[in-house]
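The chain contents come next:
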Amino acid sequence: MARFSGLQRDVLSLYRKCLREIRNKPEDSRINFRNYARAEFQKYIAVNKKDFNTVEYLLRKGHRQLEILVPRGAYTLALLGDLQHRWFQAEFLRTC
């Protein structure tokens, strides 16, 4: 089994956390959340693992995006157009 650096473990941890949080979403919208998470990670797959500044920045960005989509009650995620564009619109449902 390969040994991963600390940053690589952090990236894998963030991805696993995203997948765990997706399980809490309604079943009919899970595929959109999963596709969005996969697309975001694939978008930066070519980043050099030794480019620490970029990797740390992307980790912070990923954690912020996860914080936005999870606790505020985002129940659906509508992907606009092709995944190539990676634009998304989240619908937040608030309880009164």
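Values in this document were obtained by computation on a predicted structure and should not be read as measured data.

Reading guide: rules and limits
- Residues numbered from 1 in each chain as written.
- Predicted model: local features only at pLDDT ≥ 70, side-chain atom pairs only at ≥ 80, totals over all residues.
- Heavy atoms only, no water.
- Salt bridge = Lys/Arg side-chain N within 4 Å of Asp/Glu carboxyl O.
- Helix = DSSP H or I, 4+ residues; strand = E, 2+ residues; numbered from the N terminus.
- Buried < 20%, exposed > 50% of the residue type's maximum accessible area, 1.4 Å probe, protein only.
- Phe/Tyr/Trp six-rings, centres within 6.5 Å; stacked < 30°, edge-to-face > 60°.
- Lys NZ or Arg CZ within 6 Å of the ring centre and 35° of its normal.
- 1 Å grid on protein atoms, 1.4 Å probe; cavity = no way out; pocket = protein on both sides within 12 Å on 5 of 7 lines; lining within 4 Å.
- Points joined across faces, edges and corners; volume = space filled by probe spheres on them.
- Nonpolar A, V, L, I, M, F, W, Y, C, P; charged D, E, K, R; others polar.
- Patch = residues over 30% accessible without salt bridge, like charges linked within 9 Å, V, L, I, M, F, W, Y side chains within 5 Å.
- Areas by Shrake-Rupley, 256 points an atom, 1.4 Å probe, with all protein chains shown as cover.
- Lys, Arg positive; Asp, Glu negative; His and termini not counted.
- Charge placed at Lys NZ, Arg CZ, Asp CG, Glu CD.
- Expected span 1.5 Å × (residues − 1).
- Arc of directions from axis to C-beta.

## A short note on the pattern of salt bridges
Move 1: Scanning the entire structure with this criterion turns up one salt bridge.
Move 2: A salt bridge links K43 to E40; its shortest N-O distance comes to 3.2 Å. Remark: E40 and K43 occur in helix α2 (residues 30-43); sequence separation between them is three residues, near one turn of the helix.
Move 3: Under the relative-accessibility criterion, E40 is labelled buried at 10%.

## Concerning the packing of aromatic side chains
Move 1: Enumeration over the complete set of coordinates arrives at one aromatic pair.
Move 2: Between Y15 and F41 the ring centres are 4.8 Å apart and the planes differ by 80°, which places this aromatic pair in the edge-to-face class. Separated by 26 residues along the polypeptide, Y15 in helix α1 (residues 6-22) and F41 in helix α2 bring together distant segments of the chain.
Move 3: When its relative accessible area of 24% is taken as the criterion, Y15 is described as partly exposed.
Move 4: Between K25 and the ring centre of F33, over which it is positioned, the NZ or CZ distance is 5.2 Å.

## Focus on the layout of surface pockets
Using a probe with the size of a water molecule, rolled over the atoms, empty space left in the structure can be pinpointed.
Move 1: Space inside the largest pocket adds up to approximately 820 Å³.
Move 2: In this structure, the largest pocket is lined by 32 residues; those nearest its centre are V11, L14, E40, F41 and Y44.
Move 3: Breaking the lining of the largest pocket down by element, the ones donating at least two residues are α1, α2 and α3 (52-69).
Move 4: With nine residues, α1 is the single largest residue contributor to the lining of the largest pocket.
Move 5: The residue makeup of the lining of the largest pocket, split by class, is 21 nonpolar, five polar and six charged.

## A word on a positive patch on the surface
Move 1: On the surface, a cluster of positive charge is made up of R16, K17, R20 and R23.
Move 2: Mapped onto the secondary structure, K17 falls in helix α1.
Move 3: Relative accessible area serves as the criterion here: at 34%, K17 is assigned to the partly exposed category.

## A word on α3
Move 1: The end-to-end C-alpha separation of α3 is 26 Å, in line with the 26 Å expected for 18 residues at 1.5 Å each.
Move 2: Buried within α3 are the following residues: V55, L58, L59, G62, L66 and L69. Here the buried residues of α3 occupy an arc of 105° about the axis, which is enough to place them on one side. Opposite the buried face of α3, by more than 90 degrees, sit the exposed residues N53 and E67.

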